[in-house]
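A look at the structure
Each chain is listed here by its residues.
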There are 2 protein chains.
Amino acid sequence: MLGLLSEGPASGYDLLKLFDVSLANVWPATQSQLYTELGKLADAGLVDVAAQGPRGRKEYTINERGLAELRHWITDVEPTRVVRSDMLLRVFFLAQVSPEQARSYLRRQAELATKQLEHIASIREFVERGDDNLSVYGRLALEYGLGLAESQRQWAEWAEGQIR
Amino acid sequence: MLGLLSEGPASGYDLLKLFDVSLANVWPATQSQLYTELGKLADAGLVDVAAQGPRGRKEYTINERGLAELRHWITDVEPTRVVRSDMLLRVFFLAQVSPEQARSYLRRQAELATKQLEHIASIREFVERGDDNLSVYGRLALEYGLGLAESQRQWAEWAEGQIR
DNA sequence: TACATCATGTAAGTGGTTACATGATTAG
DNA sequence: CTAATCATGTAACCACTTACATGATGTA
């Protein structure tokens, strides 16, 4: 939320829509959580309600403390080392299903990786022409996703062949 | 827990140690959570306490219902599509810090990927000679991790060069 | 006898999801 | 006037972490 607000004022509703086409691809969250979080940030004094609009709309702005907290999080807080993957977790236990089922599981993962590649391509169009910060840096994140999906596709196809 | 117990009876303590050198690399959890979860599984009737040992040791076994649930989870439950990455989340907001700091962040990620490659190599030795199911399938997961870390290293180095 | 290791648990709190609940405004 | 969209919130629950708490057993 702080990151998105660093690009300019927005309502919870605005942030929700922006979130869905950008950050949701690397950090899913629900409508409920976004609103709750905005409330907490306002209480904590990291964002302000700058204006009220029709339908109870509240326009939030990030303030100095919020910007400081955002920068602190980016530069001083280490990203978590391990990324959770229940896809990979299942792999450890593939001996518990038949070889056919195990191969089917891995084939499905290869297919999902291919779909993911297409999904990223569709987002690409969205972000392609945009010189705002989110678009510029979102493109870097996009390329990561591309490499990841490609790497996963190759691995899943290889792994499928490993099951005897 | 069900997956680990499918390889044979074990105490919470046994599972904890086994967990730390295997599953923890794809799904971190604390000692506290493992014990709590074992208790829940026993209450739910998916595992049984087969024997008691010294120091209050409880040896758990998975039963038919537990095995059925495990297989159901593997074959019928779709892995979550999006994997959370706070590393990638930060990338979206790198415009909020100086170009030097942004490059430094990405360089650090490249270094961490390299370290991760070394870490995986060390686990490899551990798992290398083992014909038990966990070792056999753990090796598949390991190769995934290898590809992922390599992909991340390349991306981070490329991305660093993109910051003007 | 002292230290390492084995061994289990609980309480408080945070992060996150699901489901519910409500209503105003605008465009066709 | 009616449907889509704008717009916000809460309650209950589950997953997970942090910190604390305790004690038995084997081994040097």
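Quantities reported herein were computed from a predicted structural model and do not represent experimental measurements. (Residues numbered from 1 in each chain as written. Chains lettered and ligands numbered in written order. Predicted model: local features only at pLDDT ≥ 70, side-chain atom pairs only at ≥ 80, totals over all residues. Heavy atoms only, no water.)

So, the relation of the copies chain A and chain B
What counts, and what does not: Here the copies are superposed with least squares, the fitted atoms being C-alpha atoms of residues at a pLDDT of at least 70 in both. What makes two residues a contact is simply this: any of their non-hydrogen atoms within 4.5 Å.
When chain A is fitted to chain B, the residual RMSD is 0.0 Å, and the transformation amounts to a turn of 180° plus an axial shift of 0.0 Å. Taken together, the rotation angle and the small translation identify this as a two-fold axis. A shared binding surface is used by both copies, with 100% of the interface residues of chain A retained as interface residues in chain B.

Some thoughts on the protein's contact with DNA strand D
Cut-off, in case you're wondering: Any residue with a heavy atom positioned within 4 Å of a molecule or strand is treated as near that molecule or strand. Two N or O atoms form a polar contact when they lie within 3.5 Å of each other; inside protein one atom must be a possible hydrogen donor and the other a possible acceptor, and for residues adjacent in sequence the pair counts only when both atoms belong to side chains. Where helices and strands are cited, they refer to DSSP runs of H or I of at least four residues and of E of at least two residues respectively, numbered from the N terminus. For this classification, the nonpolar set comprises Ala, Val, Leu, Ile, Met, Phe, Trp, Tyr, Cys and Pro, the charged set comprises Asp, Glu, Lys and Arg, and every other residue, Gly included, is treated as polar.
Around DNA strand D, the structure places 20 residues, and the nearest of them are Y13(A), S32(A), Y35(A), K58(A) and Q33(B). A breakdown of the atoms of DNA strand D within 4 Å of the protein gives sugar and phosphate a share of 65%. Interatomic distance of 2.6 Å between a side-chain N/O atom of Y35(A) and a phosphate oxygen of DNA strand D. Separating a phosphate oxygen of DNA strand D from a side-chain N or O atom of R84(A) is a distance of 3.4 Å. Elements supplying a minimum of two residues to the surface near DNA strand D: α2 (12–21) and α3 (31–43) of chain A together with α3 (31–43) of chain B. Sorting elements by how many residues they give to the surface near DNA strand D places α3(A) first, with four residues. Looking at the surface near DNA strand D residue by residue, the classes come out as five nonpolar, nine polar and six charged.

Brief notes about the pattern of salt bridges
As a reminder, the rule being used: Salt bridges are identified by distance alone: a Lys or Arg side-chain nitrogen within 4 Å of an Asp or Glu carboxyl oxygen. Relative accessibility thresholds used throughout: buried, under 20% of the residue-type maximum; exposed, over 50%; partly exposed, between the two (1.4 Å probe, protein chains only).
If you walk through the whole model with that rule in mind, you get 19 salt bridges over all chains. Note that E100(A) is salt-bridged to R103(A), the shortest N-O span being 3.7 Å. Pair noted here: E100(A) and R103(A) are both in helix α6 (residues 99–128), with a separation of three residues, about one helical turn. The exposed category is assigned to E100(A), whose relative accessible area is 52%. For R108(A), the salt bridge identified is with E78(B), shortest N-O distance 2.8 Å. Of the two residues, R108(A) sits in helix α6 while E78(B) sits in the loop between α4 (64–76) and α5 (86–91), which places them in two different chains. Note on R108(A): relative accessible area 30%, which makes it partly exposed. According to the relative accessible area criterion, E78(B) is partly exposed, its value standing at 43%. Overlapping salt bridges bring together D14(A), R57(A) and E59(A) as one network.

So, the domain arrangement of chain A
Residue and element names in this part refer to chain A. The condition is simple: Where each domain starts and ends comes from a domain assignment, either automatic or drawn from a database. What counts as buried area is the accessible surface, traced by a 1.4 Å probe, that two parts surrender upon association, with contributions from both included.
Entries for chain A in the domain assignment read domain 1 (2–76) and domain 2 (86–162). If you look at the interface, domain 1 gives five residues, while domain 2 gives five residues. Of the roughly 460 Å² buried at the junction of domain 1 and domain 2 (both faces included), carbon and sulfur atoms supply 67%. Interface area lost by domain 1 to domain 2 is led by E7, V21 and N25, which between them contribute 73%.

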